[in-house]
Amino acid sequence: VAVSYRVSGGSATVGADVAPMAGRLDFGPGETVRTITIPIVDDGSIEGPESFLVSLDGPAGGATLGAPD
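J.: A description of a negative patch on the surface should follow, citing residues and the corresponding values.
T.: Taken together, the side chains of Asp42, Asp43, Glu47 and Glu50 define an acidic patch exposed on the protein surface. By secondary structure assignment, the location of Glu50 is in the loop between β2 (22-26) and β3 (52-60).

Structure below.
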């Protein structure tokens, strides 16, 4: 099965604070966990904590996505 992912900004700016990322995660039989490494961009600015979002969509191969908490 597979699912698509995309990084978007929360309080962080994609491209300036966090790398723009999108792709597809493929799961083999019995796999339930995958890891995505999201590079943080050092823009040199002194800032407080920031956040970003990772969205999942487009499940394929019989996969379903649960409702967010």
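Right, picking up where we left off after that structure.
J.: Outline the sheet that holds strand β1 (residues 2-9), supporting the account with residue identities and numerical values.
T.: Remark on secondary structure: sheet strands pair via backbone hydrogen bonds, oriented parallel or antiparallel. Read from one edge to the other, the open sheet built from 3 strands follows the order β2-β1-β3, with strand pairing classed as antiparallel. Looking at which strands have only one partner, the edges of the open sheet turn out to be β2 and β3. Along the sheet, successive strands turn relative to each other by an average axial angle of 25°, direction set aside. In this structure, β1 lies alongside β2, joined through 5 bridges in antiparallel fashion. When the sheet's bridge partners are listed, Arg6 is paired in β2 with Ala22.

J.: So what's going on with the confidence of the model for the chain? Which residues, and what values?
T.: Summary statistics for the chain give a mean pLDDT of 89 and a share of 96% for residues scoring 70 or more. Mean pLDDT values for the elements of the chain range from 92 in β3 up to 95 in β2.

J.: Give a detailed account of a nonpolar patch on the surface, specifying residues and quantitative values.
T.: Taken together, Ile40, Phe52, Val54, Leu56 and Leu65 make up a surface patch of nonpolar side chains, about 430 Å² in accessible area. Among the secondary structure elements, Ile40 is positioned in the loop between β2 and β3. On the accessibility criterion, Ile40 (61% relative accessible area) is exposed.

J.: With reference to specific residues and values, describe the side chain of Asp17.
T.: Counting through the fold element by element, Asp17 comes out in the loop between β1 and β2. The side chain of Asp17 is buried and forms no salt bridge, while Arg6, the nearest opposite charge, is found at 17 Å. Those residues in contact with Asp17 that lie beyond four places of it in its chain are Ala12, Ile40, Val41, Asp43, Glu47 and Glu50.

Scoring rules and cut-offs
- Residues numbered from 1 in each chain as written.
- Predicted model: local features only at pLDDT ≥ 70, side-chain atom pairs only at ≥ 80, totals over all residues.
- Heavy atoms only, no water.
- Patch = residues over 30% accessible without salt bridge, like charges linked within 9 Å, V, L, I, M, F, W, Y side chains within 5 Å.
- Areas by Shrake-Rupley, 256 points an atom, 1.4 Å probe, with all protein chains shown as cover.
- Salt bridge = Lys/Arg side-chain N within 4 Å of Asp/Glu carboxyl O.
- Lys, Arg positive; Asp, Glu negative; His and termini not counted.
- Charge placed at Lys NZ, Arg CZ, Asp CG, Glu CD.
- Helix = DSSP H or I, 4+ residues; strand = E, 2+ residues; numbered from the N terminus.
- Pairing = 2+ DSSP bridges.
- Axes fitted to C-alpha atoms, helices over the stretch in contact; angles between N-to-C directions.
- pLDDT = per-residue confidence, 0-100.
- Buried < 20%, exposed > 50% of the residue type's maximum accessible area, 1.4 Å probe, protein only.
- Contact = heavy atoms within 4.5 Å.

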